[in-house]
Amino acid sequence: MTAAAPATIPASHRQPAWKLLNASNQLSASNWTAARETAGLMWEPTVSRILKSDADGMPVLEGMDDDGRPVYAYEEGHKRITRGPGGDKLGIVGESYGVISHAAIGALVDPLLDVPGTSFEHLVELEGGRRVFALIRVGEERQLGADFSPTVPLLAMQTSHDGTGALRLWGTCTRLVCTNQASASEVTARSKGLSATIRHTNRWEFNAQRVSALVEMARSQFDMIASVSAELSDIKITSREREAYVRAMFPMPPVGERTDRAIRAVEKNRLSLQELLESETNEPIAHTALGLAQAAVEWADWQRRYDSLDSLLHRNVIRPQLVKVKAWKLARNVRSLELAA
């Protein structure tokens with residue numbers, strides 16, 4: 001389906017992207033099993049062999065067994081992952097691929113919930129079960145800089161059952177009033193050393209001693225975001241600098257590539273960002289560099305079109321966004337001569 005985030009809905013009425021996919025409140029879930037039951041994830045990814053087919057698409061018969069039953073040939077080097085025994089196909093993977101079951105994920109997640117200050121936030125399946133996404137709160141709500149909107153630190157987890165990605169954990173946070181999503185990699189324009197990865201191999205394992213380290217990783221990333229936010233709160237901006245920021249976020253195409261459609265798109269985006277800069281959720285920080293960054297992140301999360309709710313969640317939380325990196329970088333350099341000229 002195709003949808004657009006309705007600009008007329010006040011930001012304070014918006015829900016996080018993951019709750020649009022599953023409206024159930026899982027904050028009361030005390031463990032992984034309870035969250036699985038609420039999210040409908042009691043099935044397990046199941047491995048099966050793939051029948052070899054001939055040129056006509058028919059199974060290749062190898063012979064008959066001692067009881068007179070046909071024996072068919074199977075593909076070598078690949079196997080099928082399904083949504084439970086005989087369920088929908090999730091993917092075709094190599095022989096070395098190791099399935100990380102939902103029960104095994106629970107053995108990782110439940111110890112995280114034993115760390116003081118943590119609680120379960122949400123669990124949802126994406127793309128028919130090909131991916132699973134979870135969030136765990138790792139601390140209390142905090143105020144970042146001069147921003148009145150509380151922000152909560154989170155540890156995010158995603159795994160795939162179709163062979164396209166590893167199990168990954170990383171720190172992120174949510175600005176609750178307008179449900180903006182930010183991660184340390186976006187705020188600092190860095191991408192390395194900010195996540196933990198477990199690859200799907202036949203010998204995959206997770207050292208339980210790393211559990212507390214994962215929570216501390218997410219908390220330290222939140223501290224990094226808080227530090228940058230405080231820095232940007234101290235940068236007071238002029239009207240000219242704000243206008244320069246909007247133009248830098250959405251520059252016009254080169255003269256030779258300017259079409260009426262392209263010009264209208266840039267003007268529309270500039271107007272949307274201007275409106276967010278002047279909105280109620282941005283009022284306390286409207287004249288700071290933090291206000292510039294937060295408004296641009298809100299635009300990235302909610303004013304851009306999206307193809308499906310799955311893609312909205314991927315864009316808002318799971319995948320780093322270059323536009324958010326740009327938003328924070330420009331805000332930190334808003335006083336540069338090039339930008340404010």
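Residues numbered from 1 in each chain as written. Predicted model: local features only at pLDDT ≥ 70, side-chain atom pairs only at ≥ 80, totals over all residues. Heavy atoms only, no water.

(A) Spatial organisation of unusual backbone geometry. The backbone of E127 sits at a positive phi, close to 55 degrees, despite the residue not being glycine. Here E127 is to be found in the loop between β7 (119-126) and β8 (131-137). In this structure E127 comes out as partly exposed when scored by relative accessible area, which is 29%. Here the phi dihedral of T179 falls at roughly 50 degrees; this positive angle occurs in a residue that is not glycine. (Helix = DSSP H or I, 4+ residues; strand = E, 2+ residues; numbered from the N terminus. Buried < 20%, exposed > 50% of the residue type's maximum accessible area, 1.4 Å probe, protein only.)

(B) Representation of the pairing of β8 in the model. Among the seven residues in β8, seven count as buried, and that is most of the element. Burial along β8 is two-sided: the face carrying R131, F133, L135 and R137 and the face carrying V132, A134 and I136 are both buried. Here β7 pairs with β8 via seven bridges, running antiparallel. Along β8, the bridge assignment pairs V124 with F133. Taking the residues that link successive antiparallel strands as the turn, the β7-β8 hairpin has four residues, and the phi of E127 there is positive, at about 55 degrees. (Pairing = 2+ DSSP bridges.)

(C) Representation of a nonpolar patch on the surface. On the surface, a cluster of nonpolar side chains totalling about 460 Å² of accessible area is made up of L51, L61, M64, Y72 and Y74. By relative accessible area, Y74 is classed as partly exposed at 32%. (Patch = residues over 30% accessible without salt bridge, like charges linked within 9 Å, V, L, I, M, F, W, Y side chains within 5 Å. Areas by Shrake-Rupley, 256 points an atom, 1.4 Å probe, with all protein chains shown as cover. Salt bridge = Lys/Arg side-chain N within 4 Å of Asp/Glu carboxyl O.)

(D) A look at the pattern of salt bridges. In the structure shown here, the tally under the stated rule is 14 salt bridges. The closest approach of N and O atoms between R137 and E141, which form a salt bridge, is 4.0 Å. Judged by its relative accessible area of 18%, R137 is buried. By relative accessible area, which is 43% here, E141 ends up partly exposed. When salt bridges that share partners are traced, they join D65, D67 and R69 into one network.

(E) Geometry of the packing of aromatic side chains. In this structure the tally under the stated criterion is three aromatic pairs. Residues W32 and F120 carry aromatic rings whose centres are separated by 6.4 Å and whose planes lie at 55 degrees to one another, so their mutual orientation is tilted. With W32 in helix α2 (residues 32-39) and F120 in strand β7, the pair connects residues that are 88 residues apart, well separated along the chain. Grouping residues by exposure puts W32 and F120 together as buried. (Phe/Tyr/Trp six-rings, centres within 6.5 Å; stacked < 30°, edge-to-face > 60°.)

(F) Structural detail: the nonpolar core. Judged by nonpolar contacts, the single largest core of 36 residues is most densely connected at L232, Y245, M249, L273, L292, W328 and A331. For this core, the elements supplying multiple residues, two or more each, are α4 (184-188), α5 (211-233), α6 (239-249), α7 (260-277), α8 (289-302) and α10 (322-332). Sorting elements by how many residues they give to this core places α8 first, with nine residues. Leaving out residues up to four positions away in the same chain, A331 has contacts with L232, Y245, A289, L292 and A293. (Core = buried A, V, L, I, M, F, W, Y, C linked by side-chain atoms within 4.5 Å. Contact = heavy atoms within 4.5 Å.)

(G) Structural detail: the sheet that holds strand β5 (residues 78-83). Taken in spatial order, the three strands make up an open sheet running β2-β5-β6, and their pairing is antiparallel. Here the strands that pair on one side only, and so sit at the sheet edges, are β2 (45-48) and β6 (89-94). Strand after strand, the sheet turns through a mean of 30 degrees between neighbouring axes, direction not considered. Relative to β6, β5 runs antiparallel, the two being bridged by five bridges. Paired with K79 across the two strands is V93, which belongs to β6. (Axes fitted to C-alpha atoms, helices over the stretch in contact; angles between N-to-C directions.)

(H) Spatial organisation of the confidence of the model for the chain. Summing up the model confidence of the chain, the mean pLDDT is 85 and the portion of residues at 70 or higher is 91%. The model gives residues 1-12 a pLDDT under 50, and that stretch makes 22 contacts with residues more than four places away or in other chains. (pLDDT = per-residue confidence, 0-100.)

(I) Layout of the packing of α5 against α10. Following both chains from N to C, one finds α5 and α10 inclined at 45 degrees, their axes separated by 10 Å at the closest point. Compared by their axis directions, α5 and α10 come out oblique. For the pair α5 and α10, the crossing hand works out as left-handed. On α10, the residues that touch V228, S229, E231 and L232 of α5 are W328, A331 and R332. When grouped by side-chain class, the residues that make up the contact of α5 with α10 number four nonpolar, one polar and two charged. (Parallel < 35°, antiparallel > 145°, perpendicular 65-115°, else oblique. Left-handed = near helix turned anticlockwise from the far one by under 90°. Nonpolar A, V, L, I, M, F, W, Y, C, P; charged D, E, K, R; others polar.)

(J) Highlighting α10. Turning to α10, its buried residues number three or more, namely V323, K324, A327, W328, L330 and A331. Buried residues of α10 fall within an arc of 165 degrees about the axis and therefore sit on the same side. Those residues of α10 that are exposed and aimed more than 90 degrees away from the buried face are L322 and K329. (Arc of directions from axis to C-beta.)

(K) Geometry of the packing of helix α3 (residues 102-113) against α5. Contact geometry for α3 and α5: axes closest at 9 Å, N-to-C directions at 65 degrees. Where α3 crosses over α5, the handedness of that crossing is right-handed. Side by side, α3 and α5 meet where L108, P111 and L112 of the first sit next to V211, L214 and V215 of the second. The residue makeup of the contact of α3 with α5, split by class, is six nonpolar, no polar and no charged.

(L) Spotlight on the side chain of T188. Within the fold, T188 resides in helix α4. Relative accessible area serves as the criterion here: at 18%, T188 is assigned to the buried category. In this structure the side chain of T188 is engaged in a polar contact, spanning 2.6 Å, whose partner is the backbone oxygen of A184. Aside from chain neighbours lying at most four places away, what touches T188 is M224 and R332. (Polar contact = N/O pair within 3.5 Å; in protein donor to acceptor, adjacent residues only side chain to side chain.)

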